[in-house]
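Chains, contacts and geometry: an overview
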Amino acid sequence: ISPQANTLYQIGVGTNQEQSFKNEHIESIIIDEAARLWAGTWVGLEMLDPKTGRSKLFNFSQADSDREVSQMVTDIYKRDDEPFWIGTLVFGLVRFNYAQETYQYYPIIRADGSRYQNYTVNDIYQDELGDLWVACGDGLFHKKKDQDHLSLVQFSDPSLPKGAAFLTIEGNKNSIWLGSSLGL
């Protein structure tokens with residue numbers, strides 16, 4: 001969409017053409033610092049380079065053959081020239097380094113030390129300290145910059161809503177707004 005020109009552009013999807021996304025179900029989309037278009041789709045992470053007209057699909061079965069349940073990418077977060085943070089339907093939070101084509105999975109650790117096996121990421125937000133806030137089907141999770149896992153955020157006020165978290169946005173004065181299945 002070009003608001004200034006009041007124009008809508010369409011990129012082909014679901015075709016065998018190089019200049020198209022391979023899947024028409026697009027869950028999230030960003031443009032990186034090299035002006036490449038990245039889409040989170042039902043079949044993985046897709047990149048379309050408008051300079052070359054080529055597209056490429058990155059899916060997680062290449063990285064971990066035991067995790068072929070679903071390749072759906074639900075959210076993409078990228079800051080400057082850092083690697084991507086990818087939210088998935090089943091694998092949870094994944095760090096993707098495009099230059100090396102490597103993946104790193106970040107588990108959620110429960111209070112008792114056990115790990116969630118599968119969790120859906122709905123939204124990813126990175127604060128000014130580099131910490132991640134991840135909205136998931138089971139609530140809000142936090143990953144400190146120097147940690148290799150996520151932890152469930154426990155609210156001190158029992159009247160606050162619990163349940164699925166869908167989106168996080170930055171508010172003023174270092175606050176984060178959380179949209180959940182039970183309200184804002």
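Structure first, text after, so check above.
Conventions we followed
- Residues numbered from 1 in each chain as written.
- Predicted model: local features only at pLDDT ≥ 70, side-chain atom pairs only at ≥ 80, totals over all residues.
- Heavy atoms only, no water.
- Pairing = 2+ DSSP bridges.
- Helix = DSSP H or I, 4+ residues; strand = E, 2+ residues; numbered from the N terminus.
- Axes fitted to C-alpha atoms, helices over the stretch in contact; angles between N-to-C directions.
- Salt bridge = Lys/Arg side-chain N within 4 Å of Asp/Glu carboxyl O.
- Buried < 20%, exposed > 50% of the residue type's maximum accessible area, 1.4 Å probe, protein only.
- Polar contact = N/O pair within 3.5 Å; in protein donor to acceptor, adjacent residues only side chain to side chain.
- Core = buried A, V, L, I, M, F, W, Y, C linked by side-chain atoms within 4.5 Å.
- Contact = heavy atoms within 4.5 Å.

**Some points on the sheet that holds strand E3 (residues 26-31)**
Taken in spatial order, the four strands of this open sheet run E3-E4-E5-E6, and their pairing is antiparallel. This sheet does not close on itself; its edge strands, each paired only once, are E3 and strand E6 (54-58). The average angle at which neighbouring strand axes cross in this sheet is 20 degrees, direction not considered. Sheet topology note: the strand E4 (residues 37-41)/strand E5 (residues 44-49) ladder contains five bridges and is antiparallel. Each residue of the ladder has a partner; that of Thr 41, found in E5, is Gly 44.

**Regarding the pattern of salt bridges**
Under the defined criterion, the tally for this structure stands at three salt bridges. A salt bridge links Lys 56 to Glu 101; its shortest N-O distance comes to 2.7 Å. Here Lys 56 is found in strand E6, whereas its partner Glu 101 is found in the loop between strand E9 (93-97) and strand E10 (102-106), with 45 residues between them in sequence. Look at Lys 56 and you get partly exposed, because its relative accessible area is 35%. The partly exposed category is assigned to Glu 101, whose relative accessible area is 38%.

**Description of the side chain of Thr 88**
Relative to the helices and strands, Thr 88 is located in strand E8 (residues 84-88). There is a polar contact of 2.7 Å between the side chain of Thr 88 and the backbone nitrogen of Gly 92.

**Side note on the pairing of strand E14 (residues 139-143)**
Residues in a regular strand point their side chains to alternate faces of the sheet. Of all five residues in E14, five are buried, a share of seventy percent or more. Summarising the sheet, strand E13 (residues 132-136) and E14 pair through five bridges and their orientation is antiparallel. Among the inter-strand pairings, Trp 133 is bridged to a residue of E14, identified as His 142. Taken together, E13 and the strand that follows it, E14, pair antiparallel across an intervening segment of two residues. Between the end of E14 and the start of strand E15 (residues 150-152), which pair antiparallel, lie six residues.

**Regarding the nonpolar core**
Residues Trp 38, Leu 45, Phe 58, Ile 76, Phe 84, Ile 86 and Phe 96 are the most contacted members of the largest nonpolar core, which totals 15 residues. With residues up to four places along the chain from it excluded, the contact list for Ile 76 reads Ser 28, Ile 30, Trp 38, Ala 39, Gly 40, Leu 45, Phe 84, Trp 85 and Ile 86.

**Description of the sheet that holds strand E7 (residues 73-77)**
One open sheet accounts for four strands, arranged E7-E8-E9-E10; its pairing is antiparallel. Unpaired on one side and paired on the other, E7 and E10 mark the two borders of the sheet. Here the strands of the sheet are splayed against their neighbours by 25 degrees on average, with no regard to which way each runs. Bridge analysis of E9 against E10 gives five bridges, and the strand direction is antiparallel. In the strand pairing of E10, Asn 97 is matched with Thr 102.

**Examining the pairing of E7**
Most of E7 is tucked away: five of the five residues are buried. Here E7 hands over to E8 after six residues, with Asp 80 in that stretch at a positive phi of 50 degrees.

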